[in-house]
Amino acid sequence: MPGGRLTHQDRQLIAEGLAEGLTYTEIAARLGRPISTVTREVGRNGGAGGYRADLAQRATQGRARRSRAAAGRELGEPAGPAGAGRDLGAVRELEEQFTEVMVGSGLPRMTARVLTSLYLTDSGSMTAAELAGRLEVSPASISKAIGELEQQQLVRRERDPRRRRDRYIIDATAWFRAWMSSARQNAVLADFAGRGAAILGATTPAGARLQDMSGFLDTVGRAMIEAAEQWRNDYLASRPPTE
């Protein structure tokens, strides 16, 4: 991100730009920042009508302190000296950006935050209680997010017999499973559209539309499956042999 994290002066310029009635694009150009940086900053700190530079600065500092504390203890795992040598500010920035990328891909924000937490935890495994504590949200919020991630096969659960609770796990094959699930759904849609085209008549405008939909989804779906299976074969071949 150009220029690193926002400074107090940057936030003052954002507040001034909003007061002048500038668009987010104009404010971003004034700061030399991506427009996404400005929209995130304003959105999480009161919106265009309630943004205040001083309040935004204090809120950001508070979030950073909580993040450093959470990273320092890395719930469920021993924390190494100084976060195992990591720049905790950079880790926090990575966490925010990862979440925004996942939101941009279509995940609800809480679901994206849970997925991000699992990916950026060295173990790749946390309980619902650990996730709730790390993200400072209710167990119900975690349960809903986990349900969405399991539906997309992005996480799997294992029973921890020692603690009598489930652990939610992200592993190397998570995206393979999610990709194959999406490919199967594409195949269902392609078949449905093909049958719809036959009912409407492929020579009619509506029938031709469905036929085009079926052809696209069928072609792309098969390519998705072939690419994913190729990745899996390469991945398995690269793993050390098990005893």
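Here, every reference points to the structure presented above.
What you are looking at is a predicted structure, and each value in this text was computed from that prediction instead of being measured. (Residues numbered from 1 in each chain as written. Predicted model: local features only at pLDDT ≥ 70, side-chain atom pairs only at ≥ 80, totals over all residues. Heavy atoms only, no water.)

How should the overall build of the protein chain be read in this particular structure?
When helices and strands are counted, the protein chain shows 11 helices and 3 strands. The helix and strand sequence of the protein chain, counted from the amino end, reads α-α-α-α-α-α-α-β-α-α-β-β-α-α. Here the protein chain holds 243 residues, and 34% of them are scored as buried. Considering only contacts in the protein chain between residues 6 or more positions apart, those separated by 24 or more positions represent 54%. Of the accessible surface of the protein chain, which amounts to about 14,200 Å², a share of 55% is contributed by carbon and sulfur atoms. (Helix = DSSP H or I, 4+ residues; strand = E, 2+ residues; numbered from the N terminus. Buried < 20%, exposed > 50% of the residue type's maximum accessible area, 1.4 Å probe, protein only. Contact = heavy atoms within 4.5 Å. Areas by Shrake-Rupley, 256 points an atom, 1.4 Å probe, with all protein chains shown as cover.)

Hey, could you run me through the packing of aromatic side chains in this one?
Aromatic rings considered in pairs are described by the distance between their centres and by the relative angle of their planes. Taken as a whole, this structure holds 3 aromatic pairs when the rule is applied. Between F98 and Y119, the aromatic rings sit 5.6 Å apart at their centres with planes inclined by 40 degrees, giving tilted as the arrangement. Pair noted here: F98 is in helix α6 (residues 88-104) and Y119 is in helix α7 (residues 109-120), with a separation of 21 residues, a long-range link. Here a set of aromatic residues connected by ring pairs shows up, and it is made of F176, W231 and Y235. (Phe/Tyr/Trp six-rings, centres within 6.5 Å; stacked < 30°, edge-to-face > 60°.)

I keep staring at the pairing of strand β3 (residues 165-169) and nothing clicks. Help me out?
Along a regular strand, successive side chains alternate from one face of the sheet to the other. As paired elements, strand β1 (residues 125-127) and β3 share 3 bridges and run antiparallel to each other. Across the sheet, residue M126 finds its bridge partner in β3, namely Y168. One ladder, built from 5 bridges, connects strand β2 (residues 156-160) with β3; its direction is antiparallel. Residue R159 lies in a different strand from β3, and its bridge partner there is D166. (Pairing = 2+ DSSP bridges.)

Would you take a moment to explain the nonpolar core for this structure?
The tendency in soluble globular proteins is for nonpolar side chains to be buried side by side. Core analysis: the largest hydrophobic core is formed by 20 residues, its most contacted members being V114, L115, L118, L131 and I142. Elements that contribute at least two residues to this core include exactly α7, α8 (128-135), α9 (139-151) and α10 (174-200). In this structure, I27, A28, L31 and A56 belong to the second largest nonpolar core, which totals 10 residues. (Core = buried A, V, L, I, M, F, W, Y, C linked by side-chain atoms within 4.5 Å.)

Would you mind showing me how to read unusual backbone geometry here?
Among all residues save glycine, negative phi is the norm, and among peptide bonds the norm is trans. Phi is positive for E136, close to 55 degrees, though the residue is something other than glycine. Along the polypeptide, E136 turns up in the loop between α8 and α9. Positive phi outside glycine occurs at Q153, with the angle close to 60 degrees. Relative to the helices and strands, Q153 resides in the loop between α9 and β2.

Explain the pattern of salt bridges here, please?
Between side chains of opposite charge, pairing is possible as soon as their charged atoms come close. The final tally for this structure, using the stated rule, is 16 salt bridges. In this structure, the salt-bridge partner of R92 is E95, at a minimum N-O distance of 3.7 Å. One end of the pair, R92, and the other, E95, are both in helix α6, 3 residues apart, so they sit about a helical turn from each other. Classification of R92 by relative accessible area gives partly exposed; the value is 22%. Residue E95 is classed as buried on the basis of its relative accessible area, which comes to 16%. (Salt bridge = Lys/Arg side-chain N within 4 Å of Asp/Glu carboxyl O.)

How do you make sense of the sheet that holds β1 when you look at a structure like this?
Note on sheets: strands pair through backbone hydrogen bonds, and any given pair is parallel or antiparallel. Taken together, the 3 strands give an open sheet; going across it, the order is β1-β3-β2, and neighbouring strands pair in antiparallel fashion. Across the chains shown, the open sheet's two edge strands, defined by having one partner strand only, are β1 and β2. For this sheet the average axis-to-axis angle between neighbouring strands, irrespective of direction, equals 35 degrees. (Axes fitted to C-alpha atoms, helices over the stretch in contact; angles between N-to-C directions.)

Looking at this structure, how should I read the environment of W179?
Looking at the secondary structure, you find W179 in helix α10. Put simply, W179 and Q152 are 27 residues apart on the chain and 8.8 Å apart in space, counted from C-alpha to C-alpha. Excluding its chain neighbours within four sequence positions, the residues that come into contact with W179 are M224 and A228.

These results come straight from atomic positions and should not be treated as a statement about function.
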